[in-house]
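A structural walkthrough
Residues per chain are reported as follows:
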Amino acid sequence: MVNRSMYRPAVTALSGYVPGEQPPPGKFIKLNTNENPYPPPQPVVDAIKKAADGTLNRYPDATSRAFRCAAAEALNLPGPEWILAGNGSDEILTMLVRGFVGEGEKLRMPYPSYVLYRTLADIQGASWDQINFNDDWTLPGSFTESTENLKLALLPNPNSPSGTILSESEVAKVAEELECPLVVDEAYADFAETNCLGLVGQNENVLVTRTLSKSYGLAGIRFGFLVAHPEVVSELSKIKDSYNCDAISIAAATAAMKCSDWLADNCSKIIATRNRMAHELPKIGFQVTPSHANFVWCRHENISHRSIYDFLKSQQVLVRLMDFGDHGHGLRISLGTDEQNDALFCLLQGHLS
Ligand SMILES: *Cc1c(COP(=O)(O)O)cnc(C)c1O
């Protein structure tokens, strides 16, 4: 017999985070979860095969040291002690909220942004403090106001669903004004011209998270990491699962960090597609927010987003329909290959004209 009162009240109250749909492979053109439309670099696939032929009977390195050394080198950081590896950056975000925000305390995030953040606070029995973006997706001054029990602030930069970005100096100012640490979630930073890695060495309160799911085309292996002051890394390491990253994903992520030419090439292809979409979608009535990520946030001037979403789904194209109540609604469309985006554009053109 399952009795609801046996769970922690914070758990009973949860509605649970619902990620984008993952239909069986092949059936849909998938433009709904910001995955990379291209396969990962070949050396990564080779490294996975090699790891599978290796010593899988042994536990992996609990600290993912090979990865952290490769990442420190690729990102020009002083050393591996500045990096904490995780089972996707979602796990890193979980560790951060677990480490900094206790029951009854407060987590701050902008809105609309990544909906998972609220779930992480809810799991802790903590509360959250959503600060609405301004209409032009700039951050209002109230984001840095002090409030009782504020323990951590999360800022996706570039933001999802808007694809907008705050400059490094704007983020530095936010971090200086805040009374608590600031996590800059850089899931999409490889698609942008700037990032905040440089701030980590200047201000211990700046913590940057990264993922291999988007720019490296590795959503399937689950690997993300934190870049932070060594003291933060060592403190948070105490609350991670002992073997949070498996041998196969460590091998894959380590190989990926050595593929800087592949990364630059892949990002420039996606940015070229982004420019094309930003140019074409307005021709059929969409307002497109200038994006610094691998997706575009668009709103149609006179046709309901739900009906466009439903039509595309009936044609085997999945995009993300998002409704933020008073704070807007629209479609977040991940950038696919040029062929996929051509197919999307043709369907929309036929449907909307
Ligand atoms: C996709 C995404 C993540 C999650 O990345 P994983 O490494 O796949 O867990 C984190 N933050 C934002 C804003 C994202 O869009």
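Rules used in this analysis
- Residues numbered from 1 in each chain as written.
- Predicted model: local features only at pLDDT ≥ 70, side-chain atom pairs only at ≥ 80, totals over all residues.
- Heavy atoms only, no water.
- Pairing = 2+ DSSP bridges.
- Helix = DSSP H or I, 4+ residues; strand = E, 2+ residues; numbered from the N terminus.
- Axes fitted to C-alpha atoms, helices over the stretch in contact; angles between N-to-C directions.
- Core = buried A, V, L, I, M, F, W, Y, C linked by side-chain atoms within 4.5 Å.
- Buried < 20%, exposed > 50% of the residue type's maximum accessible area, 1.4 Å probe, protein only.
- Domains from an automatic or database assignment.
- Contact = heavy atoms within 4.5 Å.
- Near = heavy atom within 4 Å.
- Polar contact = N/O pair within 3.5 Å; in protein donor to acceptor, adjacent residues only side chain to side chain.
- Areas by Shrake-Rupley, 256 points an atom, 1.4 Å probe, with all protein chains shown as cover.
- Nonpolar A, V, L, I, M, F, W, Y, C, P; charged D, E, K, R; others polar.
- Buried area = accessible area lost by both parts, 1.4 Å probe.
- Patch = residues over 30% accessible without salt bridge, like charges linked within 9 Å, V, L, I, M, F, W, Y side chains within 5 Å.
- Salt bridge = Lys/Arg side-chain N within 4 Å of Asp/Glu carboxyl O.

1. Some points on the sheet that holds strand β12 (residues 320–323)
What the four strands build is an open sheet, ordered β9-β10-β13-β12; its pairing is antiparallel. Two strands lie at the open edges of the sheet, namely β9 (286–288) and β12, each paired on one side alone. In this sheet, adjacent strand axes meet at a mean angle of 35° when their direction is disregarded. As defined by bridge partners, β9 adjoins strand β10 (residues 295–300) across three bridges and the pair is classed as antiparallel. Paired with Gln287 across the strands is Arg299, a residue of β10.

2. Overview of the nonpolar core
As a rule of thumb, soluble globular proteins bury nonpolar side chains together. In terms of nonpolar packing, the biggest core is built from 82 residues, with Phe67 and Leu182 touching the most fellow members. Here the element with the most residues in this core is helix α9 (residues 247–257); it accounts for six residues. Mapped onto the domain boundaries, this core takes at least three residues apiece from domain 1 (4–38 + 261–352) and domain 2 (42–259). Residues in contact with Phe67, not counting those within four places in the same chain, are Ile83, Ala85, Phe223, Phe225, Ile250, Ala253, Thr254 and Met257. If you look at the next biggest cluster of nonpolar residues, it comprises 23 residues, including Leu107, Leu116, Tyr117 and Val183.

3. What to know about the site of the ligand
Close to the ligand lie Gly88, Ser89, Asp90, Tyr114, Asp185, Ala187, Tyr188, Thr211, Ser213, Lys214 and Arg222. Residue Ser89 places a main-chain N or O atom 2.6 Å away from an oxygen atom belonging to the ligand. Taking Asp185, its side chain carries an N or O atom lying 2.6 Å from a nitrogen atom of the ligand. Contact with the protein chains removes 93% of the 380 Å² of surface that the ligand exposes when unbound. Within the shell around the ligand, the residues separate by chemical class into three nonpolar, four polar and four charged.

4. Points about the domain arrangement of the protein chain
Domain assignment breaks the protein chain into domain 1 (4–38 + 261–352) and domain 2 (42–259). Between domain 1 and domain 2, the residue contacts involve 29 residues of the former and 33 residues of the latter. Around 2500 Å² of area is buried between domain 1 and domain 2 when both sides are counted, 64% of it from carbon and sulfur atoms. Among the residues domain 1 hides against domain 2, the three largest losses belong to Tyr17, His292 and Phe324. Together they make up 27% of the total.

5. Digging into the environment of Asp185
Structurally, Asp185 can be placed in strand β6 (residues 182–185). Residue class for Asp185 comes out buried when judged on its relative accessible area of 6%. For Asp185 and Thr211, which are 26 residues apart along the polypeptide, the C-alpha to C-alpha distance reads 9.1 Å. The residues touching Asp185, leaving out its near neighbours within four places in the chain, are Leu93, Tyr114, Tyr117, Leu155, Pro156, Asn157, Pro158 and Thr209. Side chain to side chain, Asp185 and Tyr117 meet in a polar contact 2.7 Å long. In terms of polar contacts, Asp185 uses its side chain to reach the backbone amide nitrogen of Ala187, at 3.2 Å.

6. Observations concerning a nonpolar patch on the surface
A cluster of nonpolar side chains, contributed by Met6, Tyr7 and Val11, occupies part of the molecular surface with about 280 Å² of accessible area. Relative to the assigned elements, Tyr7 resides in the segment before α1 (9–12).

7. Points about helix α5 (residues 116–124)
Note: α-helices contain 3.6 residues per turn, so residues at a spacing of three or four share the same orientation. For α5, every residue scored as buried is listed here: Leu116, Tyr117, Thr119, Leu120, Ala121 and Gln124. Looking at the buried side of α5, the elements it contacts are α4 (89–100), β3 (106–111), β4 (127–132), β5 (150–156) and β6. Positioned one or two residues after α5, Gly125 has a phi angle of 75°, which is positive.

8. A few points about the environment of Glu103
In this fold, Glu103 is placed in the loop between α4 and β3. Here Glu103 falls in the exposed class, since its relative accessible area comes to 67%. For the pair Glu103 and Tyr188, spaced 85 residues apart in sequence, the C-alpha separation works out to 30 Å. Residues contacting Glu103, with those up to four places away along its chain left out, are Gln124, Gly125 and Ala126.

9. So, the pattern of salt bridges
Scanning the model with the defined rule gives twelve salt bridges in all. Note that Arg276 and Glu280 form a salt bridge whose closest N and O atoms lie 3.7 Å from each other. With Arg276 and Glu280 both in helix α10 (residues 260–280), this residue pair falls four residues apart, about one helical turn. Owing to a relative accessible area of 17%, Glu280 belongs among the buried residues under this scheme. Of the charged contacts in the structure, one is a salt bridge between Asp310 and Arg306, with a shortest N-O distance of 3.7 Å. Within this pair, Asp310 and its partner Arg306 are both found in helix α11 (residues 305–314), separated by four residues, close to a single helical turn. Beyond isolated ion pairs, a larger network of salt bridges with shared partners links Arg276, Glu280, Asp338 and Asp342.

10. Description of the pairing of β12
When a strand is regular, its side chains alternate between the sheet's two faces. Side chains Arg320 and Met322 project from β12 onto a buried face, and the interleaved Leu321 and Asp323 project onto a face without burial. Where β12 meets strand β13 (residues 329–334), four bridges bridge the pair, whose relative direction is antiparallel. Directly across from Asp323, in β13, lies its bridge partner His329. Between β12 and β13, which pair antiparallel in sequence order, lie five residues; one of them, Gly325, sits at a positive phi of approximately 60°.

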